[in-house]
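So you can see what is in the structure, the chains are spelled out below.
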Amino acid sequence: MNKETTVILDGTGVKRALTRIAHEVLERNKGISEVVLVGIRTGGIHLAHELASRLEEIEGVAVPVGSVDITLYRDDIKTQAAHLPVGKTEIPFSIEGKRVVLVDDVLFTGRTIRAAMDAMMDHGRPQCIQLAVLIDRGHRELPIRADFVGRNVPTSRKENIQVRFDDANHPVEVYLEKN
Amino acid sequence: MGFKHKDILGLQDLTAEEIELLLNTADNMKEISKREIKKVPTLRGKTVVNLFFEPSTRTRTSFEIAAKRLSADTLNISASTSAVQKGETLSDTARNIEAMKPDIIVMRHAISGSHHYLAKRVSYSVINAGDGQHEHPSQGLLDMMTMREKLGTLKGIKVAIVGDITHSRVARSNIYGLTKMGAKVFLSGPPTLIPPGVERLGAVTVCGRMRDAVEDADVVMMLRIQLERQGKTLLPTMREYSRYFGLSDDVMKMAKPGVLVMHPGPMNRGVEISSETADGANSVILEQVENGVAVRMSMLYHVSGGGPTE
């Protein structure tokens, strides 16, 4: 199978997008005193850490970073031929009353975000939940939108968007695959 | 890789990869029990029936809690309060329950192999919670989970299993599981309680003296003398048994420093294990119980997948 790939965001582009999102998060929340980041497994976790280090550079304060695995909250669980392996959820802080920023790499149908929001609610009652994504590729199937977007990329359903990370989990580039 | 079995009848039927998948899922599910809201919606709408033909507190409660934390509906049937008392056969009981459309049945039965008999006849998933002297896979898995969590790996570790091996389904499941995962298993007990040909279950070493099994061990697992399963007396006296095969501080010094002391419960304090050892710093007996819930959640989750594909 031959796959045609196009780079839609290179390393510098990814860095600029994340820096802009960091500033937008600060602006929207008037600082980071109440902000916690929760990355969605696995790409979102790496990006959450990237975002956290930028926020720390700007504000000089560390932001708590957690991770959530949404496997147990998926809405297609009844139709899976074999149940998927479950990843670790690690939220080593209380989200009660906090401003939770969910971080994911690609926003597509919105179903993952719905599952992640349900998982958040089982951990406590945050003041609000916001969503930051590196790529919004459209095709929403639920009434969900992102608060912070790195790049909007119109796609067809047959295409696939991947964020590539290096061995140290830093984002390298975003590319589009045509099947 | 996905889990392709409809049932979990024993660790004999599972590959090392499948055991690892079950253990990894259990590791990651442990966090759910520490939340304020100890529940995920995964098995919403599924019905889990606990059918226990033998007494049990730990296993039945643990399976019930596991099912509830996954949002399944659970109900318990114990033999003493069921139509079994009126002479109903296992097959009839099972088919009647089947008519009520459960998704998973968790069964404990005194007859070895009863789960295999049942699994072939019903459409729902069957999980073995102990069949006679045969297997107790959830106990084997929770033991391995505890060892892996504490020691980091199962490969190459030395595990001593001491006591009544013949009547122990816990020992069999651990032998199958541990040898598949690359652990070295040493067995010790009175010759009357070591089944002939036990080496055929897996690469195990049988030691006549308890000290030989415990020497340099990473884990010492003590088993209960199952008086209720013994037709005739296989031991001269319990006092003599305790002296040769009980775990005391003296014997424990032979093992590696920091050795894990395990027991599947229920314990007979003062017989196979002294109270000091059972409650001592090396004991992980209560961690075993805690991990039991996570392991059973993992088993319920993976059997409720679509089952065999293709």
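Computed from a predicted model, the values in this text were never measured in an experiment.

### Comments concerning the overall build of chain B
No. 1: A count of helices and strands for chain B gives 11 helices and 9 strands.
No. 2: Expected size for 310 residues packed as a compact globule is a radius of gyration near 19 Å; at 19 Å, chain B falls within 12% of this value.
No. 3: Taking the principal axes of the C-alpha coordinates as reference, chain B spans close to 55 × 45 × 40 Å.
No. 4: Here chain B holds 310 residues, and 58% of them are scored as buried.
No. 5: Here the contacts in chain B between residues at least 6 apart in sequence split such that 73% fall between residues at least 24 apart.
No. 6: Accessible surface computed for chain B: about 13000 Å², of which carbon and sulfur atoms make up 52%.

### As for the nonpolar core
No. 1: Core analysis: the biggest nonpolar cluster contains 85 residues, and V106(B), L141(B), M144(B), M147(B), I161(B) and L300(B) have the highest contact counts within it.
No. 2: Broken down by element, this core gets its largest block of residues, 8 residues, from helix α11 (residues 285-303) of chain B.
No. 3: Residues in contact with M144(B), not counting those within four places in the same chain, are L11(B), I19(B), L23(B), L154(B), N174(B), G177(B), L178(B) and M181(B).
No. 4: Core analysis: the next-biggest nonpolar cluster, separate from the first, contains 31 residues, L51(A), V153(A), I161(A) and V174(A) among them.

### Overview of the interface of chain B and chain A
No. 1: Tallying the contact residues gives 24 residues for chain B and 18 residues for chain A.
No. 2: In total, chain B and chain A occlude about 1700 Å² of area from one another, counting both sides; carbon and sulfur atoms represent 54% of this.
No. 3: Counting the surface chain B buries against chain A, the share from its top three residues, N28(B), R35(B) and Y301(B), is 30%.
No. 4: Across the contact surface, chain B and chain A share 0 salt bridges.
No. 5: In this assembly, chain B and chain A are joined by 9 residue pairs in polar contact (both at pLDDT 80 or more).
No. 6: At the level of secondary structure, the elements contributing two or more residues to the side of chain B that touches chain A comprise α1 (16-29) and α11 of chain B.
No. 7: Residues of the side of chain B that touches chain A, tallied by class, amount to 9 nonpolar, 10 polar and 5 charged.

### As for the pattern of salt bridges
No. 1: According to the stated counting rule, one finds 23 salt bridges over all chains in the structure shown.
No. 2: A salt bridge links R60(B) to E64(B); its shortest N-O distance comes to 3.3 Å. Highlighted residues: R60(B) and E64(B), both in helix α2 (residues 58-69), separated by 4 residues, approximately one helical turn.
No. 3: By relative accessible area, which is 16% here, E64(B) ends up buried.
No. 4: A single salt-bridge network, built from bridges that share partners, covers D75(A), R111(A), E141(A) and R157(A).

### Comments concerning helix α3 (residues 90-98) of chain B
Residues and elements named next belong to chain B.
No. 1: Among the residues making up α3, those that are buried are L90, S91, T93, A94 and I97. Within α3, the buried residues cover an arc of 165° as seen down the axis, which keeps them to one side.
No. 2: At its buried positions, α3 is contacted by β1 (47-52), β2 (73-78), β3 (104-109) and α4 (114-119).

### Here we look at the sheet that holds β3(B)
By definition, the strands of a sheet pair up through backbone hydrogen bonds, in either a parallel or an antiparallel sense.
Residues and elements named next belong to chain B.
No. 1: Read across the sheet, 4 strands follow the order β2-β1-β3-β4 without closing on themselves; strand pairing throughout is parallel. Looking at which strands have only one partner, the edges of the open sheet turn out to be β2 and β4 (125-131). Direction aside, neighbouring strands of the sheet carry axes that sit 15° apart on average.
No. 2: Both β1 and β3 contribute to a ladder of 5 bridges, which runs parallel. Bridging from a neighbouring strand, V48 pairs with I104 of β3.
No. 3: Each of β1, β3 and β4 is contacted by α11, which is oriented at about 150° to β4, the strand it contacts most.

### A short note on the packing of α1(B) against α11(B)
All names here are of chain B.
No. 1: Following both chains from N to C, one finds α1 and α11 inclined at 120°, their axes separated by 8 Å at the closest point. With respect to their mutual orientation, α1 and α11 come out oblique. For the pair α1 and α11, the sense of crossing is right-handed. Between α1, through L21, L22, T25, A26 and M29, and α11, the contact on the second element is made entirely by A294, V295, M297, S298, M299, Y301 and H302.
No. 2: Here the contact of α1 with α11 is composed, by residue class, of 9 nonpolar, 3 polar and no charged.

### Structural notes on unusual backbone geometry
No. 1: Here the amide bond leading from R41(A) into T42(A) is cis, since omega sits at -10°, within 30 degrees of zero.
No. 2: Examined against the element boundaries, T42(A) turns out to sit in the loop between β2 (35-40) and α2 (43-59).
No. 3: Omega for the peptide link from G265(B) to P266(B) comes to -5°, which places this bond in the cis form.
No. 4: Mapped onto the secondary structure, P266(B) falls in the loop between β9 (260-262) and α10 (275-278).
No. 5: For D216(B), which is not glycine, the phi torsion reads 65° and is therefore positive.
No. 6: Here D216(B) shows up in the loop between α7 (210-214) and β8 (219-222).

### Re the confidence of the model for chain B
No. 1: Per-residue pLDDT for chain B has a mean of 92; in total, 97% of the residues score no lower than 70.
No. 2: Taken over the whole predicted complex, pTM reads 0.93, whereas the ipTM for its chain interfaces reads 0.88.

### Some details on the packing of aromatic side chains
No. 1: Summed over the entire model, instances satisfying the criterion amount to 1 aromatic pair over all chains.
No. 2: Here the basic side chain of R137(A) rests over the ring of F108(A), its NZ or CZ set 3.9 Å away from the ring centre.
No. 3: In this structure, R296(B) packs its charged tip against the face of F63(B), placed 5.1 Å from the ring centre.

### Regarding the packing of helix α1 (residues 11-29) of chain A against α2(A)
Residue and element names in this part refer to chain A.
No. 1: Following both chains from N to C, one finds α1 and α2 inclined at 60°, their axes separated by 9 Å at the closest point. With respect to their mutual orientation, α1 and α2 come out oblique. Like other packed secondary-structure pairs, α1 and α2 cross with a definite hand, here right-handed. Here K15, L18, T19, I21, A22, H23 and L26 of α1 come into contact with α2, specifically with L47, E50, L51, R54, L55, I58 and E59.

Procedures and definitions
Residues numbered from 1 in each chain as written. Chains lettered and ligands numbered in written order. Predicted model: local features only at pLDDT ≥ 70, side-chain atom pairs only at ≥ 80, totals over all residues. Heavy atoms only, no water. Helix = DSSP H or I, 4+ residues; strand = E, 2+ residues; numbered from the N terminus. Rg over C-alpha atoms; globule rule 2.2 N^0.38 Å. Buried < 20%, exposed > 50% of the residue type's maximum accessible area, 1.4 Å probe, protein only. Contact = heavy atoms within 4.5 Å. Areas by Shrake-Rupley, 256 points an atom, 1.4 Å probe, with all protein chains shown as cover. Core = buried A, V, L, I, M, F, W, Y, C linked by side-chain atoms within 4.5 Å. Buried area = accessible area lost by both parts, 1.4 Å probe. Salt bridge = Lys/Arg side-chain N within 4 Å of Asp/Glu carboxyl O. Polar contact = N/O pair within 3.5 Å; in protein donor to acceptor, adjacent residues only side chain to side chain. Nonpolar A, V, L, I, M, F, W, Y, C, P; charged D, E, K, R; others polar. Arc of directions from axis to C-beta. Pairing = 2+ DSSP bridges. Axes fitted to C-alpha atoms, helices over the stretch in contact; angles between N-to-C directions. Parallel < 35°, antiparallel > 145°, perpendicular 65-115°, else oblique. Left-handed = near helix turned anticlockwise from the far one by under 90°. pLDDT = per-residue confidence, 0-100. Phe/Tyr/Trp six-rings, centres within 6.5 Å; stacked < 30°, edge-to-face > 60°. Lys NZ or Arg CZ within 6 Å of the ring centre and 35° of its normal.

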